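Working through the structure, step by step
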Amino acid sequence: DQQVKQNSPSLSVQEGRISILNCDYTNSMFDYFLWYKKYPAEGPTFLISISSIKDKNEDGRFTVFLNKSAKHLSLHIVPSQPGDSAVYFCAASPYGNKLVFGAGTILRVKS
Amino acid sequence: NAGVTQTPKFQVLKTGQSMTLQCAQDMNHNSMYWYRQDPGMGLRLIYYSASEGTTDKGEVPNGYNVSRLNKREFSLRLESAAPSQTSVYFCASSEVRRDTQYFGPGTRLTVL
């Protein structure tokens, strides 16, 4: 029973355009959400996070949106660059507990 | 500052063999984790250690044991390897349990 779902296994975007990666969760106790990026043969690296008291958090080209009523979050990358090509993992956590990861979405940015 | 280091990078085992995966962090973090990554499954938590001297089971602990040797080191042991344990194993650490986690480069394990 996957509590964090990334329903798109892959996404292909043209350089300079917007990339939108989606994540759905089922556990209403989750109140902290993160995105990690992973390149081949490397460990995941933290990208951006959001607390449930917010609905948006920005960091440069990366913005995460949280819709608590729909139990949905998304990561927007604008503009997309070839170096953004990687696997993106969504993760969620109930207060004071460990992280639960989604299966990941492979993003390919074409130049 | 090396962050999180893991050894070995690659390993091939035969069914029934045992081995220990080593992990060390130099960030003075309290919490450490072991995950496995399989295609289509994302990262699944095997064991974690919230602080030195404590360990707890994660989502997929069967077939594994862990030791939090000290604050820096957290090892994962496979006592009798099985083909189902073929995976990429990641160690991670964080300041507190659900804080941003920092990952090592991974160990690719194949069990024949």
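Let us look at the structure shown here.

Cut-off values and rules
- Residues numbered from 1 in each chain as written.
- Chains lettered and ligands numbered in written order.
- Predicted model: local features only at pLDDT ≥ 70, side-chain atom pairs only at ≥ 80, totals over all residues.
- Heavy atoms only, no water.
- Helix = DSSP H or I, 4+ residues; strand = E, 2+ residues; numbered from the N terminus.
- Polar contact = N/O pair within 3.5 Å; in protein donor to acceptor, adjacent residues only side chain to side chain.
- Contact = heavy atoms within 4.5 Å.
- Pairing = 2+ DSSP bridges.
- Buried < 20%, exposed > 50% of the residue type's maximum accessible area, 1.4 Å probe, protein only.

Before going further, it helps to spend a moment on the side chain of A:Thr105. Residue and element names in this part refer to chain A. Here Thr-105 is to be found in strand 11 (residues 105-110). Only 2.7 Å separates the side chain of Thr-105 from the backbone oxygen of Ser-8, close enough to count as a polar contact. If near-sequence neighbours (up to four positions away) are discounted, Thr-105 is found in contact with Gln-6, Ser-8, Pro-9, Ser-10, Leu-11, Leu-21, Ala-86, Val-87 and Tyr-88.

All names here are of chain A. Strand order in this open sheet of five strands is 1-3-8-7-6, and the pairing throughout is antiparallel. Single-partner strands in this sheet number two, and they are strand 1 (4-5) and strand 6 (56-59). Inspection of the sheet shows strand 1 paired to strand 3 (residues 19-25) by two bridges, in the antiparallel sense. Looking at strand 3, one finds that Lys-5 is bridged to Asp-24.

Our next topic: the side chain of B:Thr107. All names here are of chain B. In this fold, Thr-107 is placed in strand 11 (residues 107-111). Looking at Thr-107, the relative accessible area reads 0%, which means it is buried. Among the polar contacts made by the side chain of Thr-107, one reaches the main-chain carbonyl oxygen of Pro-8 at a distance of 2.5 Å. Contacts of Thr-107, omitting those with residues within four sequence positions, involve Gln-6, Thr-7, Pro-8, Lys-9, Leu-21, Ser-87, Val-88 and Tyr-89.

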